[in-house]
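# Overview (structure and organization)
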Amino acid sequence: MSGPRRDPDMVRPYVRTQGRIRAREDVRLESVVIAATGPTDTLGPDARRVMRLFAGADGGLAVADIAAALELPPSTVRILVSSLMDSGHLSSPVAAIDDQPDFDLLQEVLRGLRSLV
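Residues numbered from 1 in each chain as written. Predicted model: local features only at pLDDT ≥ 70, side-chain atom pairs only at ≥ 80, totals over all residues. Heavy atoms only, no water.

In the annotation of an unreviewed UniProt entry, the protein chain is listed under the name DUF742 domain-containing protein and assigned to Streptomyces hyderabadensis.

## Some thoughts on unusual backbone geometry
Even without being a glycine, E71 presents a positive backbone phi close to 55°. If you trace the backbone, E71 turns up in the loop between helix 3 (63-70) and helix 4 (74-86). Judged by its relative accessible area of 45%, E71 is partly exposed. (Helix = DSSP H or I, 4+ residues; strand = E, 2+ residues; numbered from the N terminus. Buried < 20%, exposed > 50% of the residue type's maximum accessible area, 1.4 Å probe, protein only.)

## Some thoughts on a nonpolar patch on the surface
A cluster of nonpolar side chains, L105, V109, L113, L116 and V117, forms an exposed patch at the surface whose accessible area comes to about 570 Å². Residue placement: L105 occurs in helix 5 (residues 103-116). (Patch = residues over 30% accessible without salt bridge, like charges linked within 9 Å, V, L, I, M, F, W, Y side chains within 5 Å. Areas by Shrake-Rupley, 256 points an atom, 1.4 Å probe, with all protein chains shown as cover. Salt bridge = Lys/Arg side-chain N within 4 Å of Asp/Glu carboxyl O.)

## Observations concerning the pairing of strand 1 (residues 32-35)
Bridge analysis of strand 1 against strand 2 (residues 61-62) gives two bridges, and the strand direction is antiparallel. Residue pairing for strand 2: V32 is matched across the bridge by A62. Here strand 1 pairs with strand 3 (residues 90-91) via two bridges, running antiparallel. Within strand 3, the residue paired with I34 across the bridge is S91. (Pairing = 2+ DSSP bridges.)

Rendered as structure tokens:
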């Protein structure tokens, strides 16, 4: 390692995630999540830390940004975020299907970019 760990209490990841070992498949590091309103007093300490990050945020946060802000392993944060999504405290915005560009247009753009190289 390059230096001492910043996590002074050295809590194991499975304790932080309350024994949960897998994140939902749709929660990736680049996933953006937004907070829902509601009570957080029943949440564990790490889940409350995640929710506090949204107090000053105007929009959503990426899972990677949450991991960096909390200085926790990304895999642990993915599981925490998954649990918060399952409990309804966090949600992930879904793009409208009508907003997707046409596949043929994307192919043309890709061909144009390749011709520039």
